[in-house]
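Below are the chains, spelled out letter by letter.
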2 protein chains.
Amino acid sequence: MKDYKADPIVLSTRIRLARNLKDYPFPARLSPAEKAQVNDEVAAVLLEDGSLRRIDMESLSDSEAVSLAEKHLISPEFASDAEGRTLLLSQDETVSIMLCEEDHIRIQVIEPGLSLDEAYGKADALDDRLARRLPVAFDEKLGYLTQCPTNLGTALRASVMLHLPALSRAGLMGRLSSTIAKLGLTLRGTYGEGTKPIGELFQLSNQVTLGISEQVAIQNLAAIARQIMAQETEAREALRQDNVFIDKIYRARGILGSAYMLSCSECTDLLSLVRLGAALGLLDVPLEKLDRLLTEIQPATINVAAGQPCAPAQRDVIRAQKVKDALQER
Amino acid sequence: MKDYKADPIVLSTRIRLARNLKDYPFPARLSPAEKAQVNDEVAAVLLEDGSLRRIDMESLSDSEAVSLAEKHLISPEFASDAEGRTLLLSQDETVSIMLCEEDHIRIQVIEPGLSLDEAYGKADALDDRLARRLPVAFDEKLGYLTQCPTNLGTALRASVMLHLPALSRAGLMGRLSSTIAKLGLTLRGTYGEGTKPIGELFQLSNQVTLGISEQVAIQNLAAIARQIMAQETEAREALRQDNVFIDKIYRARGILGSAYMLSCSECTDLLSLVRLGAALGLLDVPLEKLDRLLTEIQPATINVAAGQPCAPAQRDVIRAQKVKDALQER
């Protein structure tokens with residue numbers, strides 16, 4: 001994810017496939033020894049080509065685990081309970097595979113921008129490698145079997161992370177969310193179900209997994225994403241006429257370049273404004289840098305970079321310095 | 001006033017001498033023709049050496065007149081009613097002489113920093129030139145005669161403009177003002193009597209003009225000013241430990257360097273914070289530049305620079321650009 005051209009609206013695309021091994025109960029009902037067996041069996045297959053490294057979650061500090069969730073590489077639940085859990089992670093962090101989360105295997109591929117086909121292709125290839133070597137729980141009628149019935153069928157969750165500051169500010173998110181719900185998709189906060197949007201970032205994802213093919217699910221999502229992107233683009237153009245808003249954008253850049261302390265939530269809000277300003281061509285800041293910062297300013301990720309857990313006030317100072325430095329470098 | 005070293009606390013020193021010609025009633029009771037006569041008689045004497053130029057106030061636009069008041073070169077009253085009034089102004093704007101204000105002649109000398117002796121010396125020299133050539137109203141018992149009895153005696157008003165952000169923030173101004181009142185001095189807002197302090201700037205001036213010599217009045221003022229300066233310096237040192245405050249200072253610099261619109265009052269507050277930051281060595285901005293900006297961002301002064309009266313919203317944009325440019329240039 002180092003060299004890429006960021007999209008003005010879509011930060012990233014994520015594909016997640018849930019799989020379970022036929023011969024074991026779901027993780028919730030596994031003994032520690034059985035979990036270890038599942039982890040080892042899957043790891044043996046997927047580590048073969050050397051592209052992934054194995055991380056035993058119990059070997060990580062709290063900050064290291066939470067930082068992975070902040071980067072959207074694992075679920076918050078996976079971070080909060082390490083017992084018997086293993087992560088397989090690619091060097092560039094685009095592929096992360098959670099073992100013994102809710103299901104035995106959760107393959108996740110995350111790509112910058114709107115890249116549903118690329119991300120699905122990668123995930124599908126991993127799934128093929130797995131299926132060739134291990135007996136995966138599959139039912140002719142129900143499709144892939146998963147612990148939570150909402151995942152039955154394709155067991156595919158595809159999502160795109162959208163930056164929608166203009167639609168948010170225009171107060172259009174409520175209406176948009178309910179329209180989207182009627183289409184069998186969902187639009188929700190940054191860190192998934194039940195979370196609030198941070199920095200005006202929203203996750204658009206499919207809900208329907210039963211009675212639908214992976215391809216159709218992805219096509220639907222891409223089509224709806226493109227419609228939302230068009231609406232956001234239109235709303236952004238309207239903001240160009242709003243001097244009060246333009247002032248806000250310029251000030252956000254000024255504060256990020258000067259503050260001595262920044263809380264995570266203020267910093268995220270300011271980065272969101274600056275990202276919009278950069279997308280509109282008002283500010284000369286690379287979107288890639290802003291997207292990287294949106295992750296790097298998260299509390300646990302700062303702790304990891306600092307090499308130790310920091311007090312919140314100390315973190316606010318480190319965060320401000322980090323942002324200042326990043327915005328200064330060319 | 002171009003080449004000077006600004007003081008961290010004292011922006012400027014002002015000496016004002018009120019004088020009246022013996023042979024005329026006070027201006028309030030003069031006919032237009034008599035006012036013209038007074039103006040001409042005084043101008044004839046004071047323009048002789050070529051250091052001053054004559055400005056008939058009626059020839060100025062509203063903005064030009066108010067801009068002179070914003071620069072503290074004339075009183076707001078002098079700006080608001082031009083009829084029969086004349087200003088004699090030196091090239092560097094350190095000397096301004098209002099004719100037919102409340103008194104026939106008001107000699108004002110303004111110098112940067114704490115310069116009571118220098119300013120008084122200049123004013124006194126002008127007064128001498130005047131007294132040698134024109135009959136000034138003077139009473140052995142009462143001293144110089146002035147329209148307002150509070151000026152009788154020395155008819156001298158000496159004042160220093162103090163930047164007291166640390167004492168203000170510590171909530172110490174109320175107590176300080178009443179202590180000072182007991183000492184026969186007064187501490188008030190930026191534009192004199194009845195005005196609110198803007199940008200945490202305060203005018204310290206003498207009140208007593210009767211039964212006291214000019215020298216003693218000036219010595220008293222200088223002594224009190226030095227005490228206040230010492231208190232402000234101490235209060236500023238305490239602020240060095242206050243990270244929330246330091247954050248405010250850095251942000252103020254950031255906003256001034258980035259905003260698209262700035263109202264006069266917000267701009268002044270931010271300049272005040274940045275001036276404090278510069279005085280504390282936290283920010284690398286010359287105090288002289290900030291002091292110049294504190295005047296240049298005033299509404300009428302912006303109108304004059306723009307060559308036309310601007311709408312407030314337009315002025316806010318011009319102001320922000322002016323500040324941004326000034327802070328950028330080295």
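Just so it is clear, the structure is predicted and the values come from calculations on it, not from any experiment.

Caption draft 1: How the structure looks around the packing of helix H11 (residues 299–306) of chain B against helix H12 (residues 312–328) of chain B. Residues and elements named next belong to chain B. Between H11 and H12, the least distance of the axes is 10 Å, while the angle of their chain directions is 85 degrees. Here H11 is positioned roughly perpendicular relative to H12, judged by the angle of their axes. Across from Pro-299, Ile-302, Asn-303, Ala-305 and Ala-306 in H11, the residues of H12 making contact are Arg-315, Ile-318, Arg-319 and Lys-322. When the residues that make up the contact of H11 with H12 are grouped by side-chain class, the tally is 5 nonpolar, 1 polar and 3 charged.

Caption draft 2: Highlighting the pattern of salt bridges. With the rule as written, the count across this model stands at 38 salt bridges over all chains. Across the salt bridge formed by A:Arg133 and A:Glu48, the nearest N and O atoms sit 2.9 Å from each other. One end of the pair, A:Arg133, is in helix H4 (residues 116–133); the other, A:Glu48, is in the loop between helix H1 (32–46) and strand S2 (52–56), and 85 residues separate them in sequence. The exposure class assigned to A:Arg133 is partly exposed, which follows from its relative accessible area of 46%. A:Glu48 gets classed as exposed once you look at its relative accessible area, which sits at 52%. A salt bridge links B:Arg106 to B:Asp103, with the nearest nitrogen and oxygen atoms 3.0 Å apart. Pair check on accessibility: B:Arg106 and B:Asp103 agree, each one buried.

Caption draft 3: Focus on the interface of chain B and chain A. The partner chain A presents 14 residues to the 14 residues of chain B that form the contact. Taken together, the two surfaces of chain B and chain A that pack against each other cover about 1,300 Å², and 60% of this comes from carbon and sulfur. Three residues stand out in chain B for area buried against chain A, namely B:Arg251, B:Tyr260 and B:Met261, and they jointly supply 43% of the buried area on that side. Joining chain B to chain A, the criterion identifies 2 salt bridges. Across the pair A:Arg251 and B:Glu266 runs a salt bridge whose closest N-O atoms are separated by 2.6 Å. At the boundary of chain B and chain A, one finds 10 residue pairs in polar contact (both at pLDDT 80 or more). Here the side of chain B that touches chain A gets 8 residues from one element, more than from any other, and that element is helix H8 (residues 243–256) of chain B.

Caption draft 4: The arrangement of the environment of A:Pro197 in detail. Structurally, A:Pro197 is set in the loop between strand S9 (185–188) and strand S10 (201–206). When the C-alpha positions of A:Pro197 and A:His163 are compared, they lie 9.9 Å apart, and in sequence the two are 34 residues distant.

Caption draft 5: Just the environment of B:Leu126, in detail. Residues and elements named next belong to chain B. Positionally, Leu-126 belongs in helix H4 (residues 116–133). Between the alpha carbons of Leu-126 and Leu-46 there is a distance of 7.7 Å; along the sequence they are 80 residues apart. What Leu-126 contacts, discounting residues up to four positions off in sequence, is Leu-46, Val-95, Ile-97, Ile-107 and Val-109.

Caption draft 6: Representation of the side chain of B:Thr301. Residues and elements named next belong to chain B. Locating Thr-301 in the fold gives a position in helix H11. Thr-301 gets classed as buried once you look at its relative accessible area, which sits at 9%. Every residue in contact with Thr-301, bar those within four places of it in the chain, is listed here: Ser-67, Glu-70, Lys-71, Thr-295 and Glu-296.

Reading the values: the criteria
Residues numbered from 1 in each chain as written. Chains lettered and ligands numbered in written order. Predicted model: local features only at pLDDT ≥ 70, side-chain atom pairs only at ≥ 80, totals over all residues. Heavy atoms only, no water. Axes fitted to C-alpha atoms, helices over the stretch in contact; angles between N-to-C directions. Helix = DSSP H or I, 4+ residues; strand = E, 2+ residues; numbered from the N terminus. Parallel < 35°, antiparallel > 145°, perpendicular 65-115°, else oblique. Contact = heavy atoms within 4.5 Å. Nonpolar A, V, L, I, M, F, W, Y, C, P; charged D, E, K, R; others polar. Salt bridge = Lys/Arg side-chain N within 4 Å of Asp/Glu carboxyl O. Buried < 20%, exposed > 50% of the residue type's maximum accessible area, 1.4 Å probe, protein only. Buried area = accessible area lost by both parts, 1.4 Å probe. Polar contact = N/O pair within 3.5 Å; in protein donor to acceptor, adjacent residues only side chain to side chain.

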